[in-house]
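Here is what each chain is made of, one letter per residue.
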Amino acid sequence: MKHKVKALVEVEKTGFFGQKKKVMEKRDIWVDDKTYKELKKKAKNKPYSIEEMMLYDDLFDEW
């Protein structure tokens, strides 16, 4: 079974004066079952971002 996943993909675009540059874009990609499960595990175990930590500190009033 294949799954549709949004991922950052490196794309080459034409910039100012026709210069090529590499840009990261969000695109939909299709992955198989095994890769999909690995991506789900990694997303579940990722650390909190700075903004999330600050939000939790404000919510629970921890100093």
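Located above this text is the structure these notes cover.
Now for a look at the structure at hand. (Residues numbered from 1 in each chain as written. Predicted model: local features only at pLDDT ≥ 70, side-chain atom pairs only at ≥ 80, totals over all residues. Heavy atoms only, no water.)

### Notes on the overall build of the protein
Regarding its fold elements, the protein presents two helices and two strands. Order of helices (α) and strands (β) in the protein, N terminus to C terminus: β-β-α-α. The C-alpha extent of the protein, read off along each of the three principal axes, is 50 × 40 × 10 Å. By residue count, 10% of the 63 residues in the protein fall in the buried class. Counted over contacts in the protein with a minimum sequence separation of 6, partners at least 24 positions apart contribute 34%. Here the protein has roughly 6400 Å² of accessible surface; of this, 56% comes from carbon and sulfur atoms. (Helix = DSSP H or I, 4+ residues; strand = E, 2+ residues; numbered from the N terminus. Buried < 20%, exposed > 50% of the residue type's maximum accessible area, 1.4 Å probe, protein only. Contact = heavy atoms within 4.5 Å. Areas by Shrake-Rupley, 256 points an atom, 1.4 Å probe, with all protein chains shown as cover.)

### Description of the environment of glutamate 52
In this structure, glutamate 52 sits in helix H2 (residues 50–60). With 15 residues separating them along the chain, glutamate 52 and lysine 37 place their C-alpha atoms 25 Å apart. A distance of 3.0 Å separates the side chain of glutamate 52 from the backbone nitrogen of serine 49, its partner in a polar contact. (Polar contact = N/O pair within 3.5 Å; in protein donor to acceptor, adjacent residues only side chain to side chain.)

### Comments concerning unusual backbone geometry
Even without a glycine there, the phi angle at phenylalanine 17 is positive, about 60°. Following the sequence through the fold, phenylalanine 17 ends up in the loop between strand E1 (2–14) and strand E2 (20–32).

### Looking at the packing of aromatic side chains
Per the counting criterion, the structure on display carries three aromatic pairs. With a centroid separation of 5.4 Å and 75° between ring planes, the pair formed by tyrosine 48 and tyrosine 56 is classed as edge-to-face. The class for tyrosine 48 is exposed, based on a relative accessible area of 56%. According to the relative accessible area criterion, tyrosine 56 is partly exposed, its value standing at 35%. (Phe/Tyr/Trp six-rings, centres within 6.5 Å; stacked < 30°, edge-to-face > 60°.)

### A look at the side chain of histidine 3
Along the chain, the position of histidine 3 falls in strand E1. For histidine 3, a relative accessible area of 16% translates into the label buried. In terms of polar contacts, histidine 3 uses its side chain to reach the side chain of aspartate 33, at 2.7 Å. In this view, histidine 3 contacts Ile29, Trp30, Val31, Asp32, Asp33 and Tyr36; residues no more than four positions away in its chain are not counted.

### Quick notes on the pairing of E1
Of the pairings in the sheet, the one linking E1 to E2 comprises 13 bridges and is antiparallel in character. Within the sheet, the bridge partner assigned to glutamate 10 lies in E2 and is methionine 24. (Pairing = 2+ DSSP bridges.)

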